[in-house]
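# Chains, contacts and geometry: an overview
Each chain is listed here by its residues.
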Amino acid sequence: MPSPVLAITPGEPAGIGPDLCVQVAQRHWPVPLVAVADPGLLEARAALLGLPLQIQLVLSDPPTKAAMAETLYVAPIELRAACRPGQLDTRNATYVLEALDTAIDGCLSGRFAALVTGPVHKGVINDAGIPFTGHTEFLAERSAGHPVMLLSCPGLRVALATTHLPLRAVADSITPGLLEQVLRILEHDLRVRFGVERPRILVSGLNPHAGENGYLGHEEVEVIGPVIERLRAEGLLLTGPLPADTLFTQANLAHGDAVLAMYHDQGLPILKHLGFGEAVNITLGLSLVRTSVDHGTALDLAGSGDADPGSLTAAIEQALAITAQGD
């Protein structure tokens, strides 16, 4: 069986994504990595960083063997405008999305075994007149299934019931149907993609103190609790709804393989505090495998040589582990 081929999209060209691609290409990987990007951008960033880089273009069939260190396969996508590190340009918004579309097409067609994404800048894409809320939602439009965002670092996995929503919209979005779907996907993918035989999931409440039996909100009593009880009756190992302010103590985490938080900023600050730079963003519930870095574009670090490739390295390693689990 040939080695799986991973696609990497560096994301925003003015950010640190191109730097990270050059940095991870400095080592030998056991499988082919294909950056879907402008080769001239990567060459320019390598020169700026003072790092050696030999590019091998991929124009049709994916490579069958891993590249040597200091070498990177590149499926070329042309920048729309010249790029300077740290300087956003709305003209390159379509470049970012074309690279992402090309990589997704490759995954759906079987050319690539997984997609590893660098950071995008949502603001500049929207400023270009293109509605865009994030990778997760973009993938949902292109791939079968319901996307569930899971971030993982050593010692902790946190999934989200809702993703990039304004806070005032969160409560209305947490319906019995949504919560049941997310919990089923999380339980399934922990088994199938992560090899957890009987996943134990800790489910947070939405309100302070998990609603105080209805005195601080009714979502726990009317939605979250009943869904948990129904799925427990089917054999899922669920605990909750738990107050979010004490859920992340070591005593509680010792009894779970993953946490389901109700919204983005309920669970992710804790995970990023624990594992920033080592954490990986994984999209569950889709027909393709996608992992990503846990940080943004860091425009101030682009081209400086100070960007840490740890999260991209971890994202590649996680994609390899998931594809190996599926073999």
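The text that follows walks through the structure, step by step, so that each part is easy to find. A quick note: this is a predicted structure, and the numbers were derived from the prediction, not measured. Every chain is numbered on its own, with residues counted from 1 as its sequence reads. At least 70 in pLDDT is required for a residue's local features to be given in this predicted model, at least 80 for side-chain atom pairs to be given and counted, and no such filter applies to totals for whole chains, interfaces and linings, which use all residues. Water and hydrogen atoms play no part in the side-chain values, which are based on all heavy atoms of the structure.

Two rings belonging to Phe, Tyr or Trp (six-membered ring only in the last case) form a pair when the distance between their centres is within 6.5 Å. Interplanar angles under 30 degrees mark stacking, angles over 60 mark edge-to-face geometry, and anything in between is tilted. If you walk through the whole model with that rule in mind, you get 1 aromatic pair. On the basis of an interplanar angle of 50° and a centroid distance of 5.9 Å, the ring pair of phenylalanine 132 and phenylalanine 138 is categorised as tilted. As far as burial versus exposure is concerned, phenylalanine 132 and phenylalanine 138 are alike and both buried. Geometry around tryptophan 29 places arginine 27 over its ring, the cationic atom sitting 3.6 Å from the centre. Whether a residue is buried, partly exposed or exposed follows from its accessible area with a 1.4 Å probe, protein chains only, as a fraction of its type maximum: under 20%, in between, or over 50%, in that order. Any Lys NZ or Arg CZ found within 6 Å of a ring centre and within 35 degrees of that ring's normal is scored as a charge over the ring.

Turning our attention to the pattern of salt bridges. Every case where a carboxyl oxygen of Asp or Glu lies within 4 Å of a side-chain nitrogen of Lys or Arg is listed as a salt bridge. One pass over the full model with this rule turns up 13 salt bridges. A salt bridge links arginine 232 to glutamate 229; its shortest N-O distance comes to 2.2 Å. Highlighted residues: arginine 232 and glutamate 229, both in helix H8 (residues 219-233), separated by 3 residues, approximately one helical turn. The secondary structure listing takes helices from DSSP runs of H or I that are at least 4 residues long and strands from runs of E that are at least 2 residues long, numbered from the N terminus.

Now for unusual backbone geometry. With an omega of 0°, the peptide bond between glycine 240 and proline 241 qualifies as cis. With respect to the secondary-structure elements, proline 241 resides in strand E9 (residues 237-242). Even without being glycine, glutamate 70 reaches a positive phi, approximately 70°. You can see glutamate 70 is positioned in the loop between strand E3 (54-57) and strand E4 (71-76). A positive phi angle, near 50°, is found at glutamate 212, a position not held by glycine. By the element assignment, glutamate 212 lies in the loop between strand E8 (200-204) and H8.

On to the packing of helix H7 (residues 176-192) against H8, then. When two helices pack together, their arrangement is given by the angle between their axes and by how far apart the axes lie. Axis lines are fitted through C-alpha atoms, for helices just across the contact stretch, and the angle between N-to-C directions can take any value from 0 to 180 degrees. Contact geometry of H7 with H8 gives a least axis separation of 10 Å together with a crossing angle of 45°. As the angle between them shows, H7 and H8 are arranged oblique. Seen along the crossing, H7 lies across H8 with a hand that is right-handed. Residue-level contacts link Pro176, Leu179, Glu180, Leu183 and Arg184 of H7 to Val223, Ile224, Val227, Arg230 and Leu231 of H8. A per-class count over the contact of H7 with H8 returns 7 nonpolar, no polar and 3 charged. For classification purposes, angles smaller than 35 degrees are called roughly parallel, those larger than 145 roughly antiparallel, those between 65 and 115 roughly perpendicular, and all remaining angles oblique. Helix crossings are classified by the rotation of the near helix relative to the far one: an anticlockwise turn of less than a right angle makes the crossing left-handed, while a clockwise turn makes it right-handed. Contacts are assigned to residue pairs that have any heavy atoms within 4.5 Å of one another. As a working rule, the residues Ala, Val, Leu, Ile, Met, Phe, Trp, Tyr, Cys and Pro are called nonpolar, Asp, Glu, Lys and Arg charged, and the rest polar, with Gly in that last group.

Glancing now at the environment of alanine 324. Tracing the backbone shows alanine 324 in helix H12 (residues 310-326). On the accessibility criterion, alanine 324 (45% relative accessible area) is partly exposed. Sequence separation between alanine 324 and proline 147 is 177 residues; the distance between their C-alpha atoms is 21 Å.

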